[in-house]
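Geometric and topological summary
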Amino acid sequence: MTNTDSRTTLVGVATGTPDGGVAIVRVSGPQAAAVLAGLGVDEPPAPRRLVRRSLALLGGQHEDGLVAWMPGPRSFTGEDVVELHVHAGERNVRAVVEACLSQGATAAGAGDFSRRAFELGALSLDQAEGIAAVIGAQTDEALAQARRLAAGELGRGVEVLREAVIGLRTEVEANLDFPEDVDDAHVVRWRSEVSELREQLGRWLSGFEAGRRGRERARFVLAGPPNAGKSSLFNALLGRRRAIVADLPGTTRDYVEAEYGVGPHGAWLVDTAGLRGGAGAVEAAGIEMSREQVEQADLVLWVEASDAEPVERPDLGAAVLEVETKRDLGTRRPGAIGVTLGAEGGGVEDVEAALRAWFARDQDRAWIGLARHRDRAAEALDALGRASDLMAEDAALEIIAFELGVTEARLAAITGRTQLGPVGDEILGRIFSTFCIGK
Ligand SMILES: Nc1nc2c(ncn2[C@@H]2O[C@H](COP(=O)(O)OP(=O)(O)OP(=O)(O)O)[C@@H](O)[C@H]2O)c(=O)[nH]1
Ligand SMILES: [Mg+2]
């Protein structure tokens, strides 16, 4: 029997922080009450109440814990669930898990509980992915998007669209027997519905990158000629002395990176060696690294000092924010964000505001779909495009209905509300194996 077989009863540690005071051991499956009885708690407590019980472990040991009984289907997995709240600590938790195993439970693998929840219909696939994203979130914005996903926001939108496709397909199919009687007005309406659906899907897809940028850490790379004040600006943005500042051109050699928060967003701020020709071997190696960093940047902060000879800016590829440092010594590029670093400083807050604006610029288009959702949505859009072309060509209704069926299946794959063949099983395995054990 595998862990995904619903006849087994799983046991796993559900709590995430190793340094907490309490750990929760979760038991889920048809034998959950029997496992609990095996620990000396003959009667499950009243549902969804935490009650104190003494748990009989192996070797005559006892653990004083809290027990929650959540009979299916009103539980996380949809099955009978017992949660044991016990003292944390690796050895203690292992002793409790071993006691459950000795009562016939099976050790849960990564994502097994969530997979059960999905298979029993307690969670849709996109919601399960949202839970994994909540656990993996590295920034506040990533967490906010993950919570929306886990709450079913994406899935609900997809279902509305899928219902519309099903409705359309049903109408087309209803006319299969008498295609010669299809009213032109019908076809016109079908075409306009398809075009609305395509627009909606297109909007989602065009918002994917904005959503991704919002939740992932952006790379902001400081680049420019030597001695421009890049490291000074880097330190000023971070609010601490992280990189060496000196009036010697060529001070920074290795690039320096640090985590940098912009409101709810996360970023990496990267300071690089000043770009110039004719440098010695070591500095040249640093310059090579600078170029690599610039290539990977989401945004380059191009830094030049107001008192230096203008340099030809290389092609930077990414979006560029122009910054002019040493404004206390003059102004040469009025269009750039002016900064003066040091005691009489100013302008750093303008750079910060520009970085906030960089994140904010596309937040209203942001879509919370993950890469897998984007891929299925793109396939749905393709199929819908083919349906639309076929309608325009007055093609046979069968093949129009077929493409609408493909559209529907691709949308259904997002929420997982679809027939699961062997391929579906493999995909589910891939998704749930990225979860942590106990989820
Ligand atoms: N007057 C003035 N001097 C500044 C300002 N910002 C930086 N400096 C000075 O300019 C010199 C170079 O600063 P860095 O921050 O090390 O410059 P960098 O661009 O990192 O230089 P490299 O690492 O060599 O590429 C230092 O002596 C700084 O104190 C400023 O706004 N005004
Ligand atoms: Mg430097």
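A few points on the structure. Since the structure is predicted, the reported quantities are computational estimates derived from the model, not experimental observations.

Let us look at the sheet that holds strand 11 (residues 319-325). Here six strands make up an open sheet; going across it, the order is 8-9-7-10-11-12 and the pairing mixed. At either margin of the open sheet sits one strand with a lone partner, and together these are strand 8 (256-262) and strand 12 (337-338).

Moving on, we get to the pairing of strand 11. Bridge analysis of strand 10 (residues 299-305) against strand 11 gives seven bridges, and the strand direction is parallel. Its bridge partner lying in strand 11, valine 303 is registered against valine 323. The pairing of strand 11 with strand 12 spans two bridges and is parallel. Directly across from valine 323, in strand 12, lies its bridge partner isoleucine 337.

What follows deals with the site of ligand 1. Looking at ligand 1, there are 21 residues lining it, with Lys230, Ser231, Ser232, Gly250 and Leu341 nearest. Interatomic distance of 3.2 Å between a backbone N/O atom of glycine 274 and an oxygen atom of ligand 1. A distance of 2.7 Å separates an oxygen atom of ligand 1 from a polar backbone atom of leucine 341. Isolated, ligand 1 exposes 650 Å² of accessible area, and the fraction of that covered by the protein chains is 85%. Residue composition of the shell around ligand 1, by class: eight nonpolar, nine polar and four charged.

Between any two of four tetrahedral donors, the ideal angle at the metal is 109.5 degrees; between two of six octahedral donors, it is 90 or 180 degrees. Every protein donor of the magnesium ion (ligand 2) is listed here as Ser231 (OG) and Thr252 (OG1), and their distances to the metal cover 2.0 to 2.1 Å. One end of the pair, serine 231, is in helix 9 (residues 230-238); the other, threonine 252, is in the loop between helix 9 and strand 8, and 21 residues separate them in sequence. Accessibility assignment for this pair places serine 231 and threonine 252 in one class, buried.

The next subject is the packing of aromatic side chains. Tallied over the full model, the rule gives five aromatic pairs. Pairing tryptophan 204 with tryptophan 367 gives two aromatic rings, centres 5.8 Å apart and planes at 15°, and the pair type is stacked. Here tryptophan 204 is found in helix 7 (residues 184-206), whereas its partner tryptophan 367 is found in the loop between helix 11 (348-360) and helix 12 (371-392), with 163 residues between them in sequence. Through a chain of ring-to-ring contacts, the aromatic side chains of Phe220, Trp358 and Phe359 assemble into a single cluster.

Here we come to the nonpolar core. Within soluble globular proteins, side chains that are nonpolar tend to cluster in buried spots. Counting residues in hydrophobic clusters, the biggest one holds 31 residues, and the most contacted among them are Leu154, Val172, Trp190, Leu201, Ile400, Leu404 and Leu411. Among the secondary structure elements, those contributing two or more residues to this core are helix 6 (153-174), helix 7, helix 12 and helix 13 (397-415). If one sorts the elements of this core by residue count, helix 7 sits on top with seven residues. Among residues more than four places away in sequence, those in contact with leucine 154 are Asp126, Leu149, Trp367, Ile368, Gly369, His373 and Ile414. Of all hydrophobic cores here, the second largest spans 28 residues; its members include Leu222, Leu237, Leu238 and Ala354.

Position of threonine 8 among the secondary structure elements: in the segment before strand 1 (10-13). Side-chain polar atoms of threonine 8 contact the side chain of arginine 116, separated by 2.6 Å.

Our next topic: the packing of helix 4 (residues 125-136) against helix 5 (residues 140-150). Here helix 4 crosses helix 5 at 155°, and the two axes come no closer than 7 Å. One element, helix 4, and the other, helix 5, form an angle in the roughly antiparallel class. When you trace helix 4 past helix 5, the crossing you get is left-handed. Within the contact between the two elements, helix 4 uses Asp126, Gln127, Glu129, Gly130, Ile131, Ala133 and Val134 and helix 5 uses Leu143, Ala146, Arg147, Leu149 and Ala150. Classifying every residue of the contact of helix 4 with helix 5 by side-chain character gives seven nonpolar, two polar and three charged.

Here the focus is the pairing of strand 4 (residues 62-70). The side chains of a regular strand alternate between the sheet's two faces. Summarising the sheet, strand 3 (residues 50-56) and strand 4 pair through seven bridges and their orientation is antiparallel. Residue pairing for strand 4: arginine 53 is matched across the bridge by glycine 65. In this antiparallel pair of consecutive strands, strand 3 and strand 4, the connection spans five residues, and glycine 59 shows a positive phi of 70°. Summarising the sheet, strand 4 and strand 5 (residues 81-87) pair through five bridges and their orientation is antiparallel. Within strand 5, the position partnered with tryptophan 69 by the bridge is valine 82.

Rules behind the numbers
- Residues numbered from 1 in each chain as written.
- Chains lettered and ligands numbered in written order.
- Predicted model: local features only at pLDDT ≥ 70, side-chain atom pairs only at ≥ 80, totals over all residues.
- Heavy atoms only, no water.
- Pairing = 2+ DSSP bridges.
- Helix = DSSP H or I, 4+ residues; strand = E, 2+ residues; numbered from the N terminus.
- Near = heavy atom within 4 Å.
- Polar contact = N/O pair within 3.5 Å; in protein donor to acceptor, adjacent residues only side chain to side chain.
- Areas by Shrake-Rupley, 256 points an atom, 1.4 Å probe, with all protein chains shown as cover.
- Nonpolar A, V, L, I, M, F, W, Y, C, P; charged D, E, K, R; others polar.
- Donors = N, O, S within 2.8 Å, 3.2 Å for Na, K, Ca; no water.
- Buried < 20%, exposed > 50% of the residue type's maximum accessible area, 1.4 Å probe, protein only.
- Phe/Tyr/Trp six-rings, centres within 6.5 Å; stacked < 30°, edge-to-face > 60°.
- Core = buried A, V, L, I, M, F, W, Y, C linked by side-chain atoms within 4.5 Å.
- Contact = heavy atoms within 4.5 Å.
- Axes fitted to C-alpha atoms, helices over the stretch in contact; angles between N-to-C directions.
- Parallel < 35°, antiparallel > 145°, perpendicular 65-115°, else oblique.
- Left-handed = near helix turned anticlockwise from the far one by under 90°.

The quantities given are spatial measurements derived from coordinates; they are silent on function.
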